[in-house]
Amino acid sequence: MAKEVFNKLQQKYTAIELDERSDAEEIQLILGEMTGAKTVPRVFVKGECLGGGSDVKALYDSGKLVHYFDTP
């Protein structure tokens, strides 16, 4: 869902596919410490965690997501 939103906005992103990594469990633990949630995706824009896929879609649907790309 998050990738779809970024593609619609024509914003470049880096996706780290945990199911293709041997350290996926460790990454999820660190994400849990950083964001309070271990579920994926965890979407970060300019170092700020926006939440998961449904959070990003809600920001997109409300028109608020573009503001994260406008700020320096």
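Residues numbered from 1 in each chain as written. Predicted model: local features only at pLDDT ≥ 70, side-chain atom pairs only at ≥ 80, totals over all residues. Heavy atoms only, no water.

## Some details on the pattern of salt bridges
For step 1, the next point in the chain: The final tally for this structure, using the stated rule, is 4 salt bridges.
For step 2, the next point in the chain: Note that Lys8 is salt-bridged to Glu4, the shortest N-O span being 4.0 Å. Separated by 4 residues within a single helix, Lys8 and Glu4 lie in helix H1 (residues 2-8), roughly one turn from each other.
For step 3, the next point in the chain: For Asp61, the salt bridge is made with Lys57, and the minimal N-O distance between the two is 3.0 Å. With Asp61 and Lys57 both in helix H3 (residues 53-62) and 4 residues apart, this pair spans about one turn of that helix. (Salt bridge = Lys/Arg side-chain N within 4 Å of Asp/Glu carboxyl O. Helix = DSSP H or I, 4+ residues; strand = E, 2+ residues; numbered from the N terminus.)

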